[in-house]
Amino acid sequence: MPETVDLSQTQIEDLIRLRLPEAETVALLHQLKPECMTVDLLHRLIEALRKTVVALPAVEGMVLDCCGTGGSGSSIFNTSTAVAFVLAAGGVPVVKFGNRAMSSASGSFDFLECLGFRSEAPLERLTDMLAQCGVVFLYAPQCYPALAPFNALRKALGFRTVFNFLGPLLHPLKPTHRLLGVSHSGMQQLMADYLQTYQPALEQALLVHHPLNGTQGLDEISPCGATHLIHLREGRQERALFYLAEDDKLPEIRRVPKESADLFMALCRGEQQASLEHRMLCVNAGAGFWIAGKAASIEEGAQLAKDLLNGGKVLETVERCRRAYGE
């Protein structure tokens, strides 16, 4: 078992604000591996990072974020971003927090750019755009501009640290509902413990991890084989396995953002219904509908997602969002 890491508050502040010599910064980042983390250190890192966030308009009522940590090493499909549109089409208010790729081929905003969205929508329009579109995309560098030099260093280093997993937890609005994909099995439990301990206003969350090799895996529900679930509700954790097709194996598919965007638009037109991505999109959206109270189960939610895709509701939502982002 690797030893846990403990940093002083001064070390944390100096690290994220790049006050240390580069060699010392790189050494600290090497230490901050998922298997060396504790919930307390995770909390202190998040609180230090939150001190740099810009003010956002308040949003009342339910807000759901569907986000993956990345870090799986695969580029199958930008599932969580596509899911945001499906959930919005089904009446779930979504404020999705995301970024461009840091350690993968395609991040949320790389995918959105290929769909015709610009990165930075005016933050002061957040509530109006949510009411108009049902979904808003928050660009992480826009919300945390002070961290730009630190993020640039992380991307240049090319190795994964715990900061790859902090992104979803830094959502400025602290959403009431979360569908959170985690690519590292140990971090799935650690992040669940963090949310349970430090975000008591959270109403429901589902943290999902599909194992591939050792501790590594997909940060989404897979339609092939077993996905590990941690369901947070009323301050309690429930663990479960979810099977959609127990005997299938996930094929190795790598897609660049343009390919993902083109495929998503085909799915929105009711095409490609036999594809892996169609099944993946429907089952992950189904999980979102379940925790949002729109479906009695993941399977029922997946059928709702399929109906919304086939009925053109998701395509209407995408087009409505494009117009709003272009204003």
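Reading guide: rules and limits
Residues numbered from 1 in each chain as written. Predicted model: local features only at pLDDT ≥ 70, side-chain atom pairs only at ≥ 80, totals over all residues. Heavy atoms only, no water. Helix = DSSP H or I, 4+ residues; strand = E, 2+ residues; numbered from the N terminus. Rg over C-alpha atoms; globule rule 2.2 N^0.38 Å. Contact = heavy atoms within 4.5 Å. Areas by Shrake-Rupley, 256 points an atom, 1.4 Å probe, with all protein chains shown as cover. Lys, Arg positive; Asp, Glu negative; His and termini not counted. Charge placed at Lys NZ, Arg CZ, Asp CG, Glu CD. Expected span 1.5 Å × (residues − 1). Buried < 20%, exposed > 50% of the residue type's maximum accessible area, 1.4 Å probe, protein only. Arc of directions from axis to C-beta. Pairing = 2+ DSSP bridges. Core = buried A, V, L, I, M, F, W, Y, C linked by side-chain atoms within 4.5 Å. Phe/Tyr/Trp six-rings, centres within 6.5 Å; stacked < 30°, edge-to-face > 60°. Axes fitted to C-alpha atoms, helices over the stretch in contact; angles between N-to-C directions. Parallel < 35°, antiparallel > 145°, perpendicular 65-115°, else oblique. Left-handed = near helix turned anticlockwise from the far one by under 90°. Nonpolar A, V, L, I, M, F, W, Y, C, P; charged D, E, K, R; others polar. Polar contact = N/O pair within 3.5 Å; in protein donor to acceptor, adjacent residues only side chain to side chain. Salt bridge = Lys/Arg side-chain N within 4 Å of Asp/Glu carboxyl O.

A. Structural context of the overall build of the chain. The number of helices and strands found in the chain is 14 helices and eight strands. Whereas a compact globule of 327 residues would reach a radius of gyration of roughly 20 Å, the chain reaches 19 Å, a difference of no more than 12%. Projected onto its principal axes, the C-alpha coordinates of the chain cover approximately 55 × 50 × 40 Å. Put simply, of all contacts in the chain between residues at least 6 apart along the chain, 73% involve residues at least 24 apart. Looking at the chain as shown, the accessible area adds up to about 13,400 Å², and 50% of this sits on carbon and sulfur atoms. The chain carries 30 positive and 36 negative side-chain charges, and their two centres are separated by 3 Å.

B. Quick look at helix H11 (residues 257–268). With 12 residues, H11 should cover 16 Å at 1.5 Å per step; its first-to-last C-alpha distance of 16 Å lies within 8% of that length. With nine of 12 residues buried, H11 lies mostly within the body of the structure. All buried positions along H11 are accounted for by Pro257, Ser260, Ala261, Leu263, Phe264, Met265, Ala266, Leu267 and Cys268. Structurally, H11 contributes buried residues whose contacts are with helix H4 (79–89), helix H5 (108–114), helix H12 (276–291), helix H13 (298–310) and helix H14 (313–326). Just downstream of H11, Gly270 is the residue with a positive phi angle, here 85°.

C. Just H13, in detail. With 13 residues, H13 ought to run about 18 Å at 1.5 Å a step, and its terminal C-alpha atoms sit 18 Å apart, in line with that. When H13 is considered as a whole, its buried residues turn out to be Ile298, Gly301, Ala302, Ala305, Leu308 and Leu309. The buried residues of H13 occupy an angular sector of 120° when the element is viewed end-on, so they sit on one face. Following H13 by one or two positions, Gly312 has its phi on the positive side, about 85°.

D. View of the pairing of strand E8 (residues 236–243). Pairing geometry for strand E7 (residues 226–233) and E8, over eight bridges, is antiparallel. Its bridge partner lying in E8, Ala226 is registered against Tyr243. Here E7 folds back onto E8, and the loop between the two strands holds two residues, one of which, Glu234, carries a positive phi near 55°.

E. Quick look at the nonpolar core. With 106 residues, the main nonpolar core has Leu42, Phe85, Phe163, Leu207 and Phe264 as its most contacted residues. No other element matches the eight residues that H4 contributes to this core. When residues no more than four places from it in sequence are discounted, the contact partners of Leu42 are Met37, Val162, Leu166, Leu169, Met187, Leu190 and Tyr194.

F. Just the packing of aromatic side chains, in detail. Under the criterion given, the structure shown has 11 aromatic pairs. Both rings, one in Phe109 and one in Tyr139, keep their centres 4.7 Å apart while their planes meet at 50°; by these two values the pair is tilted. On the criterion of sequence distance, the pair formed by Phe109 in helix H5 and Tyr139 in strand E3 (residues 135–139) is long-range, its members being 30 residues apart. Take Tyr139: its relative accessible area is 11%, and that puts it in the buried class.

G. Main features of the packing of H4 against H12. Relative orientation of the contacting elements H4 and H12 amounts to 60°, with a least axis distance of 9 Å. Here H4 is positioned oblique relative to H12, judged by the angle of their axes. Between H4 and H12 the crossing geometry is right-handed. Listed contacts from H12 to Thr79, Ala82, Val83, Val86 and Leu87 of H4 are Met280, Leu281, Asn284, Ala285, Gly288 and Phe289. Of the residues in the contact of H4 with H12, the class split is eight nonpolar, three polar and no charged.

H. Fine view of the pairing of E3. Burial runs high along E3: five of the five residues are buried. Neither face of E3 is left uncovered, since the one carrying Val135, Phe137 and Tyr139 and the one carrying Val136 and Leu138 both have all their residues buried. When strand E2 (residues 94–98) meets E3, the two strands line up parallel, connected through five bridges. Across the sheet, the residue bridging to Phe97 is Leu138, located in E3.

I. Here's a closer look at the environment of Arg125. Relative to the helices and strands, Arg125 resides in the loop between H5 and helix H6 (126–133). Separated by 69 residues in sequence, Arg125 and Tyr194 place their C-alpha atoms 30 Å apart. Engagement of the side chain of Arg125 in a polar contact is seen with the backbone oxygen of Ala324, the distance being 3.5 Å.

J. Quick peek at the pattern of salt bridges. Counted by the stated rule, this structure contains 10 salt bridges. With a closest N to O distance of 2.8 Å, Arg44 and Asp6 form a salt bridge. In this pair, Arg44 sits in helix H3 (residues 39–50) while Asp6 sits in the segment before helix H1 (9–16), placing the two residues 38 residues apart along the sequence. Overall, the relative accessible area of 16% leaves Arg44 in the buried class. One salt bridge connects Lys51 with Glu13, and the closest N-O pair in it is separated by 3.2 Å. You can see Lys51 sitting in the loop between H3 and strand E1 (64–68) and its partner Glu13 sitting in helix H1, a full 38 residues away along the chain. Judged by its relative accessible area of 58%, Lys51 is exposed. Residues participating in the shared-partner salt-bridge network are Asp6, Asp40 and Arg44.

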